[in-house]
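# Summary of structural features
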Amino acid sequence: MSVAVPGEIRAAPPSGAMSARLAYRRSRVLREKAIESVLFLAALVCVFTTLGIVFVLVSESVEFFRQVSLWDFLTDTQWTPLFADAHFGIMVLLSGTFTSSAVALAIAIPLGTIIAIYLSEFAPFRVREVAKPFLEMLEAVPTIAFGYFALLFVTPLLQRLYPQLPGFNLLSAGIVMGIMIICYVASVAEDAMRAVPMSLREGSYAMGATRFQTATRVVVPAAFSGIAAAYILGVSRAVGETMIVAVAAGMQPNLTFNPLEPAATITAYIVQVALGDLPHGSIGYQTIFAAGLTLFAFTLVCNIAGHMLRRSFREAY
Amino acid sequence: MAYARDLAEVRLLIASRKRWDYVFALLGLGALMVAVLTLTALFVDLAIDGIPRLSLDFLTSFPSRRPERAGILSAWVGTSLVMLVTAFFAVPLGVGAGLYLEEYAPKNWVTDVIEINITNLAGVPSIVYGLLALGLFVYQFGLGESILAAGLTLALLVLPVVIVATREAVRAIPQGIREGAYALGGTQWQVCRDHIIPYSLPGILTGVIIAMARAIGETAPVITIGALTFIAFLPPSPVGPEFPWLSFDWLWSPFTVMPIQMFNWTSRPEAAFHANAAAAGFILIVMTLAMNGLAIWLRYRLRKKIRW
């Protein structure tokens, strides 16, 4: 890399005329200020994005709640916003979201934790070098491809074990979603475990503990808040996941906690409405913003809790 | 005598404790295998179902009601154009924001607010970005269901990825380089332009590739802003035969993208369309995995080569 000679220095008069130098200096300062402001505006885009999300969701939801009371929204047990006899019970969509997420987490949390402990405490260097990029790849697969896989590979497979399983069901969507978020849970949890100081492990080994004892009785408790953050962020992922459930779980609103049934989640409902052609400003159009606000609020709480746990963990070491 | 018996007991104890080490190592490998096998099964499934459908015709035909004649022409053209818009906005904004936060930002509450926003935005479900775009870009700004609206939406979605990658790359540059440049009288921007940006370029590039791979595969936000699933025409060409040769009418054109085309074919009941979906999915997954592979390789080389 050649060192660039700033052209401005050559442009400055060598005679030392004070006014010219001052003018040059001022233009330089001005240009620096201008560039800093432009970069600052680029950084502010993120703040405006959040404000935009809150503004859009809240303003459309306010319109919605003018027509539907909050009480009905939270307690009604039917979700039929597009029927003549319209009901707006978000519980119906929440039950689908809850069930598919529960299936996903039942897979992602144990497997993700085991993988994290294995990669951080057991795996030889070579295995880790190969496994980590592979897990990243798993995270990079487009979710629509996972949806296809859930509907046309996992569901037929499950139907062989249990023939009464309907073509659309929360179980296969949840299983595939769980495998998708394994890598996410594993990588956050592994980061937490690797941040545990070596001296703790050395102390444990010096007392004659085995690898397994060190991992489960020293490293995991020491990294607990970081691991908890991984779980919470995993919950947020599962709740916000869209295409897998939209493809594989069906889009029928169904108040159920049985993973063997088809049901719509909040996200799948939004996709279903967006696929249709609802006029701007109608109640059906506003429902997706009310549903989206519920989703956003929930994931926001999860994300903030997760990041606070992670940060408190980082401060501890 | 008693000593020998104790020794034997202790050895037994050690052996039984050690056994748990092996059991757990096997368990860990098994758990890893679940992830690896799923990715392999997904890939092989798409390949088996989709490769028979892959042909030049598939790439150069519009979607059709007859599955054997349908193709992904409008989808891949749409994806390319949307990615162009996304990169055009996400790269300068992301690099600028990353540079600001690492090199310029004072330690105050404004910076804290920006940082908190970035971490939170990285965790917002993608469909919420779709709702933002539907309310703001499509209706408030009047962009309609256009390539521009989709590109902007995906740009906002991947912005945190570019920012975080930029910040990590910039942070890795040793302080001595900055001090050397400042000692020679460089201004802050000169230091950034001539040193910080060039040295962090490979790291930034890695982040940009990962961000683009993510944007290519995103379906939900693009559906939410109302991308159509059946498009049998191409957007107006960006280059024309007449002066000024460049036209930006394509920005306002309706469009479809690869994942939406795949979603549309997947959700139809006929098996013949599923083969089309698999073919489109195969192309999509090969593209995203190749891009991620490239990024991982770049990062690996970077880590090996750079000695400050």
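The structure displayed is predicted, hence computed values, not measured ones.

The next thing to look at is the overall build of chain B. Of regular secondary structure, chain B possesses 11 helices and zero strands. Each helix and strand of chain B, ordered N terminal to C terminal, gives the series α-α-α-α-α-α-α-α-α-α-α. In terms of overall dimensions, chain B is more spread out than a globule: its C-alpha atoms have a radius of gyration of 26 Å, far above the 19 Å expected for 308 residues. In terms of overall dimensions, chain B has a C-alpha envelope of 100 × 65 × 35 Å along the principal axes. Per-residue burial over chain B gives 45% buried out of 308 residues. In chain B, of all internal contacts separated by at least 6 residues, the share reaching a separation of at least 24 is 78%.

Turning to the overall build of chain A, a few remarks are in order. Helix and strand content of chain A: 13 helices and zero strands. The C-alpha radius of gyration computed for chain A amounts to 27 Å, which surpasses the reference 20 Å derived for 317 residues by more than 25%, pointing to a less compact arrangement than a globule. Scored against the burial criterion, the 317 residues of chain A give a buried share of 49%. Across chain A, contacts joining residues at least 24 apart in sequence account for 73% of those joining residues at least 6 apart.

Turning to helix α7 (residues 170-194) of chain A, a few remarks are in order. Taking 1.5 Å of rise per residue, the 25 residues of α7 of chain A would be expected to cover 36 Å, and the 35 Å separating its terminal C-alpha atoms lies within 8% of that figure. Burial analysis of α7 of chain A places 22 of its 25 residues in the buried class, the great majority of the element.

With that out of the way, let us pick up the interface of chain A and chain B. With 76 residues of chain A at the interface, the matching set in chain B holds 75 residues. Top element by residues in the side of chain A that touches chain B is helix α2 (residues 18-67) of chain A. It accounts for 20 residues. The residue makeup of the side of chain A that touches chain B, split by class, is 54 nonpolar, 16 polar and six charged.

All names here are of chain A. Interaxial distance between helix α4 (residues 90-122) and helix α10 (residues 224-240) falls to 9 Å at its minimum, and their mutual angle equals 145 degrees. Handedness of the α4/α10 crossing: right-handed. Facing T97, S101, A104, L105, A108, I109, G112 and T113 of α4, the residues of α10 in contact are I227, A230, Y231, G234, V235, A238 and V239. When its residues are assigned to classes, the contact of α4 with α10 shows 10 nonpolar, five polar and no charged.

All names here are of chain A. Along its sequence, chain A is carved into domain 1 (7-67) and domain 2 (75-316). Of note, the centres of domain 1 and domain 2, computed from C-alpha atoms alone, are 39 Å apart. Listed by partner, the interface residues are eight residues for domain 1 and eight residues for domain 2. Classifying every residue of the side of domain 1 that touches domain 2 gives four nonpolar, two polar and two charged.

As a further point, take the nonpolar core. Of all hydrophobic cores here, the largest spans 200 residues; its most connected members are V176 and V185 of chain A together with V162 of chain B. Once you skip the residues sitting within four places of it in the chain, V176 of chain A turns out to touch F146, F149, A150, V154 and I244 of chain A.

Our next topic: the packing of α4 of chain A against helix α9 (residues 211-222) of chain A. Residues and elements named next belong to chain A. α9 packs onto α4 with a crossing angle of 110 degrees between their chain directions and a minimal axis gap of 11 Å. In terms of orientation, α4 and α9 fall into the roughly perpendicular class. For the pair α4 and α9, the sense of crossing is right-handed. Every residue of α9 that contacts α4 at I117, E121 and F122 is listed here: R211, A215, V219 and V220. A breakdown of the residues in the contact of α4 with α9 according to their chemical character gives five nonpolar, no polar and two charged.

On to α4 of chain A, then. Since the α-helix advances by 3.6 residues per turn, residues separated by three or four positions end up pointing in the same direction. Across its 33 residues, α4 of chain A extends 45 Å between first and last C-alpha, which sits within 8% of the 48 Å expected from 1.5 Å per residue. Of all 33 residues making up α4 of chain A, 28 are buried, and the element is well covered by its neighbours.

Residue and element names in this part refer to chain B. Looking at chain B, the domain boundaries give domain 1 (10-51) and domain 2 (54-305). For domain 1 versus domain 2, the distance between C-alpha centres works out to 34 Å. Domain 1 puts six residues into the contact, and the matching count from domain 2 is eight residues. The residue inventory of the side of domain 1 that touches domain 2, partitioned by class, reads four nonpolar, one polar and one charged.

All names here are of chain A. Among the secondary structure elements, M91 is positioned in helix α4. Here the alpha-carbon distance between M91 and A248, two residues 157 residues apart in the chain, equals 20 Å. Excluding residues within four positions of it along the chain, M91 makes contact with T77 and L255.

Turning our attention to the confidence of the model for chain A. Looking at chain A as a whole, its pLDDT mean stands at 86, while 94% of the residues score no less than 70. Mean pLDDT across the secondary structure elements of chain A bottoms out at helix α1 (residues 7-11) of chain A, with 49, and peaks at helix α8 (residues 198-206) of chain A, with 93.

With that settled, the discussion passes to the environment of S61 of chain A. Residue and element names in this part refer to chain A. Counting through the fold element by element, S61 comes out in helix α2. On the basis of neighbour count, S61 is assigned to the buried category, with 20 C-beta atoms found within 10 Å. Residues within four places of S61 in sequence aside, it is in contact with F289, A290 and L293.

Structurally, the position occupied by V77 of chain B is in helix α3 (residues 73-104). Under the C-beta neighbour-count criterion, V77 of chain B is labelled partly exposed, with 18 such atoms within 10 Å.

Residue-level pLDDT values for chain B average 86, and 94% of them are 70 or greater. Quick note on the complex model: pTM equals 0.87, ipTM equals 0.87.

Cut-off values and rules
- Residues numbered from 1 in each chain as written.
- Chains lettered and ligands numbered in written order.
- Predicted model: local features only at pLDDT ≥ 70, side-chain atom pairs only at ≥ 80, totals over all residues.
- Helix = DSSP H or I, 4+ residues; strand = E, 2+ residues; numbered from the N terminus.
- Rg over C-alpha atoms; globule rule 2.2 N^0.38 Å.
- Buried ≥ 20, exposed ≤ 12 C-beta atoms within 10 Å, placed from the backbone.
- Contact = placed C-beta atoms within 7 Å.
- Expected span 1.5 Å × (residues − 1).
- Nonpolar A, V, L, I, M, F, W, Y, C, P; charged D, E, K, R; others polar.
- Axes fitted to C-alpha atoms, helices over the stretch in contact; angles between N-to-C directions.
- Left-handed = near helix turned anticlockwise from the far one by under 90°.
- Domains from an automatic or database assignment.
- Core = buried A, V, L, I, M, F, W, Y, C linked by C-beta atoms within 7 Å.
- Parallel < 35°, antiparallel > 145°, perpendicular 65-115°, else oblique.
- pLDDT = per-residue confidence, 0-100.

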